[in-house]
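Chains, contacts and geometry: an overview
Spelled out from the first residue to the last, the chains are:
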Amino acid sequence: MTNLDYEGFWNETLIRLRNDLGEEEFSGWFSDMKYLRHRVSNAGNNAIVVGIPSTFHRDKVRTRYQTVINSIINGLSGQEIAIEYEITGKTAKKDADQDQSKPKNEETAANSTVKTPKIKEKRGQHSQMRDDYTFERYIIGENNKYAANAALAICKNPGKVCNPFLIYGGVGLGKTHLMQAIGNSIHENSDSCVVCVTSENFLNNYLECLRENKMNSFRNKYRQADVLLIDDIQFFTDKPGVQEELFHTFNALLDSKKALVFTCDRPLEELKKFEERLISRFGLGIKADLQPPRYEERCVILKSIAQTRGVNFTDDVFDLMGKNIASNVRDLVSALNNLINYAELMNETITVEIAQKHLKNIFNAPRQANLSMDSIIRVAADYFGLTPNDLKGKKRTANIAFARQLAMYIGREMTDYSTTELGQDFGGRDHTTVMHSIEKIKGKLLTDPSLESTIEGIKRGIKEFGTKF
């Protein structure tokens, strides 16, 4: 056969690898590889020599893809063809030129000199993660200190400590930021293969490969990762097929001591229509609950972001925002960006009066002011002849405890709040307390039929209350 035939085999192999792996993964490993020549060994065996940029690149390709490459090219040619790699990067060329120009009698002296260690080149930005989601930009406070310390430990020993790692909490509390900070740190400081994906993209990738009968490609992509990061696993609810695939991927990576990090908007106990064996896997390692930042932490976050943007507001402006926006970091950042844009467009210095006027809609938004939960607490308290402070306080007398449990149950029924968020509205209680209260009411509903009418009466009162405000 001519060299052209062998080059054709190699080019077709690349086409099939691109289809199996997807454009992003293929480009990362194969776009810089070039067909060089065909050769026959002394034993009469055929080999294709391929140019590759570096020894690191070559070793990774051999480890991850050699079996697949051999399978494709041998199937195309109908014979055993070896793949040999030749380093063709700039470093290899420079070394070769130096060797050719070096006099023979200088070889011994040159070999005896001490070689200067090579400086490790910094890896480029990871295409699946945001470059601003780093530890340097992650504000650590009492609400997230445990999670942040676990994340930093993972970066030092990926797969060896805190594995798997589950970060959970309400919206806008920094789950994705912390997860990607782990990925960015490992990617920048090691040669590890980091795969970061949203649960939606993981599901879509699974369905596409299932439809096109390319499940081996899907499994290779995720099970060859050194670090796997999946955002918002609650998206897999009631999707048994992808849960099955995730379960086996989880086991394969855990057995190989690879790092696994997941985020979720609720505790594991609240994941419905999830395989029990998968939930048990998520619970094997460290679980960190992110809570809304406290007032002092909110002010620190605002000042830090403003400094990054080159903006200098007065402390009383930050104080105003910190006191009026208590929901999550995302709302804080949104409000701050709103003020910054206003200042730049209007060329005005932001005062407390301007901030109060410009952010009044944000301060008074139903979600921000917790009006939906406030109405539930007010109506439930009034129904039982109590005050909202009774339900939010620490008193545990029978009548107050029951009213509080019922209000928590109704809050879960009528809103999208997680038990973590509900706990915050009821005096900063733990999500397990809320879950226990909800289960208590569910149990009483089975034995006390009149309780249902009580609940419906309170719900009607809540709806009527909402129309007045």
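Residues numbered from 1 in each chain as written. Predicted model: local features only at pLDDT ≥ 70, side-chain atom pairs only at ≥ 80, totals over all residues. Heavy atoms only, no water.

**Comments concerning the packing of helix α13 (residues 315–324) against helix α14 (residues 329–346)**
Axis separation between α13 and α14 bottoms out at 10 Å; the angle between their running directions is 140°. The angle between the axes of α13 and α14 places the two elements in the oblique class. Of the two possible hands of crossing, α13 and α14 adopt the one that is right-handed. Contacts between α13 and α14 involve Val317, Phe318 and Met321 from the first element and Leu332, Ala335, Leu336 and Leu339 from the second. (Axes fitted to C-alpha atoms, helices over the stretch in contact; angles between N-to-C directions. Helix = DSSP H or I, 4+ residues; strand = E, 2+ residues; numbered from the N terminus. Parallel < 35°, antiparallel > 145°, perpendicular 65-115°, else oblique. Left-handed = near helix turned anticlockwise from the far one by under 90°. Contact = heavy atoms within 4.5 Å.)

**Overview of the pattern of salt bridges**
Within the structure shown, the criterion is met by 20 salt bridges. Among the ionic pairs, Arg37 bridges to Glu86, the shortest N-O distance being 2.4 Å. Here Glu86 lies in strand β3 (residues 81–87) and Arg37 lies in strand β1 (residues 34–40), a separation of 49 residues in the sequence. Assessed through its relative accessible area of 37%, Arg37 is described here as partly exposed. In this structure, Asp59 engages Arg58 in a salt bridge whose closest nitrogen and oxygen atoms are separated by 3.2 Å. On the basis of relative accessibility, which here comes to 38%, the residue Asp59 falls in the partly exposed class. Among the charged side chains, a network of salt bridges with common partners joins Arg219, Arg223 and Glu245. (Salt bridge = Lys/Arg side-chain N within 4 Å of Asp/Glu carboxyl O. Buried < 20%, exposed > 50% of the residue type's maximum accessible area, 1.4 Å probe, protein only.)

**Observations regarding the pairing of strand β6 (residues 227–231)**
Counting buried positions along β6 gives five out of five residues, so the element sits mostly inside the fold. Both faces of β6 are covered, namely the face carrying Val227, Leu229 and Asp231 and the face carrying Leu228 and Ile230. Of the strand pairs in this sheet, strand β5 (residues 194–198) and β6 are connected by five bridges, and their pairing is parallel. Bridge pairing links Val197 to Ile230 in β6. Sheet analysis places β6 next to strand β7 (residues 259–264), joined by four bridges and oriented parallel. Each bridged residue has a counterpart across the sheet, and for Ile230 the counterpart in β7 is Phe262. In this fold, the crossover linking β6 to β7 by way of helix α10 (residues 240–255) has right-handed handedness. (Pairing = 2+ DSSP bridges. Right-handed = clockwise from strand over helix to strand, strands pointing away.)

**Thoughts on the packing of helix α9 (residues 215–223) against α10**
α10 packs onto α9 with a crossing angle of 45° between their chain directions and a minimal axis gap of 10 Å. It follows from the interaxial angle that α9 and α10 lie oblique. The interaxial crossing formed by α9 with α10 has right-handed handedness. On α10, the residues that touch Met215, Phe218, Arg219, Tyr222 and Arg223 of α9 are Glu245, His248, Thr249, Ala252 and Leu253. Among the residues making up the contact of α9 with α10, the classes are represented as five nonpolar, two polar and three charged. (Nonpolar A, V, L, I, M, F, W, Y, C, P; charged D, E, K, R; others polar.)

**Overview of the sheet that holds β3**
Here we have three strands laid out as an open sheet, ordered β1-β2-β3, and mixed in their pairing. Looking at which strands have only one partner, the edges of the open sheet turn out to be β1 and β3. Averaged over all pairs of adjacent strands, the angle between their axes in this sheet comes to 30°, without regard to strand direction. Across six bridges, β1 lies against strand β2 (residues 46–52) in antiparallel orientation. Directly across from His38, in β2, lies its bridge partner Ile48.

**Points about the environment of Thr249**
Here Thr249 lies in helix α10. Sequence separation between Thr249 and Tyr222 is 27 residues; the distance between their C-alpha atoms is 7.0 Å.

**Some words on unusual backbone geometry**
Omega for the peptide link from Asn163 to Pro164 comes to 0°, which places this bond in the cis form. Following the sequence through the fold, Pro164 ends up in the loop between α6 (145–156) and β4 (165–169). We note that Asn213 has phi near 60°; this positive angle belongs to a residue other than glycine. Here Asn213 lies in the loop between α8 (199–211) and α9.

**Some details on the layout of surface pockets**
Taken as a whole, the second largest pocket spans an internal volume of roughly 820 Å³. Forming the walls of the second largest pocket are 33 residues, and the residues nearest its centre are Tyr133, His177, Ile305, Val329 and Val333. Those elements that place two or more of their residues in the lining of the second largest pocket are α7 (175–189), α12 (295–308) and α14. Considering only residue class, the lining of the second largest pocket consists of eleven nonpolar, twelve polar and ten charged. (1 Å grid on protein atoms, 1.4 Å probe; cavity = no way out; pocket = protein on both sides within 12 Å on 5 of 7 lines; lining within 4 Å. Points joined across faces, edges and corners; volume = space filled by probe spheres on them.)

**Re the packing of aromatic side chains**
By the definition in use, this model includes 15 aromatic pairs. For the pair Phe218 and Tyr222, a centre-to-centre distance of 4.9 Å together with 55° between the ring planes defines the contact as tilted. One end of the pair is Phe218 and the other is Tyr222, both in helix α9 and four residues apart, which spans about a single turn. You'll find Phe218 and Tyr222 in the same group, each marked buried. Look at Phe250 and Phe262: their rings are 5.7 Å apart centre to centre, the planes differ by 5°, and that puts the pair in the stacked class. Of this pair, Phe250 sits in helix α10 while Phe262 is found in strand β7, placing the two residues twelve residues apart along the sequence. In terms of burial, Phe250 and Phe262 fall into one category: buried. Grouped by ring-pair contacts, the aromatic residues Phe202, Tyr206, Phe218, Tyr222 and Phe236 constitute a single cluster. Here the guanidinium or amino end of Lys239 rests over the ring plane of Phe235, the centre of that ring lying 4.8 Å away. We note Arg277 situated over the ring of Phe247; from NZ or CZ to the ring centre the distance is 3.9 Å. (Phe/Tyr/Trp six-rings, centres within 6.5 Å; stacked < 30°, edge-to-face > 60°. Lys NZ or Arg CZ within 6 Å of the ring centre and 35° of its normal.)

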